[in-house]
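Tertiary structure, described
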Amino acid sequence: MTSPQEKPPVPEPILREDRLDFTPTAESVTFSRRRTARLVREWGYPGLAGDAALLVSELATNALLHGAVRGRLFRVHLTLGTATLRIAVSDPRGERLPGLREAADDECYGRGLLIVARIADRWGTEPRTVGKTVFAELALRQGPDMPMGPRERLRTGPSRTATPR
């Protein structure tokens, strides 16, 4: 909630959008990663395709491992705005919120959100009526002096929005 002096942020115009529901299987993670890379290239941002594919892969894998409920799908929603590419993955387990943690050297899992935090310009969670959405955003850099690629700073944690979707 904003104070009377603060104005709520103005949503940026949506230029392109893609939304698809997936069965919670490993093949769906692969398909969503390939689809994301293809769409981001087609939308005119080939330099972001790799980062976007990696982000959707990590978020979809987390939805599969930590957010799956038998008989329920997870959703990948891509939104291209004027300044941001938003990658959002929704799953039915709203009580299981993600958090950054340090994985031990011998652990096979536990690094996904660290990767998301390193690559994304912003990431966070949003509650839904049923479940949650975990999102990552990439700023759209313009011009030759604005390189695309891994981000330079590690985010300390998710930003949270209280608006149900």
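Residues numbered from 1 in each chain as written. Predicted model: local features only at pLDDT ≥ 70, side-chain atom pairs only at ≥ 80, totals over all residues. Heavy atoms only, no water.

Considering the nonpolar core
Judged by nonpolar contacts, the single largest core of 33 residues is most densely connected at Leu-55, Leu-59, Leu-85, Ile-87, Val-116 and Trp-123. In terms of residues, this core owes the most to one element, helix α2 (residues 49-66), which gives eight residues. Those residues in contact with Leu-59 that lie beyond four places of it in its chain are Ile-87, Val-89, Leu-113, Val-116, Val-134, Phe-135 and Ala-136. (Core = buried A, V, L, I, M, F, W, Y, C linked by side-chain atoms within 4.5 Å. Buried < 20%, exposed > 50% of the residue type's maximum accessible area, 1.4 Å probe, protein only. Helix = DSSP H or I, 4+ residues; strand = E, 2+ residues; numbered from the N terminus. Contact = heavy atoms within 4.5 Å.)

Observations concerning the environment of Glu-17
Its location among the elements puts Glu-17 in strand β1 (residues 14-22). Along the sequence, Glu-17 and Arg-86 sit 69 residues apart, while their C-alpha atoms lie 9.5 Å from each other. Side-chain polar atoms of Glu-17 contact the side chain of Arg-19, separated by 3.0 Å. Among the polar contacts made by the side chain of Glu-17, one reaches the side chain of His-77 at a distance of 2.6 Å. (Polar contact = N/O pair within 3.5 Å; in protein donor to acceptor, adjacent residues only side chain to side chain.)

Some points on the side chain of Ser-90
Within the element layout of this structure, Ser-90 appears in strand β3 (residues 84-91). Within polar-contact distance, the side chain of Ser-90 engages the side chain of Thr-133 at 2.6 Å. When sequence neighbours within four positions are dropped, the list of residues in contact with Ser-90 reads Phe-74, Arg-75, Arg-128, Lys-132 and Thr-133.

Remarks on helix α3 (residues 112-119)
Those residues of α3 that sit buried are Gly-112, Leu-113, Val-116, Ala-117 and Ile-119. Of the surrounding secondary structure, the elements contacted by the buried residues of α3 are α2, β4 (122-127) and β5 (132-139).

In short, the description is geometric, and any link to function would need to be established separately.
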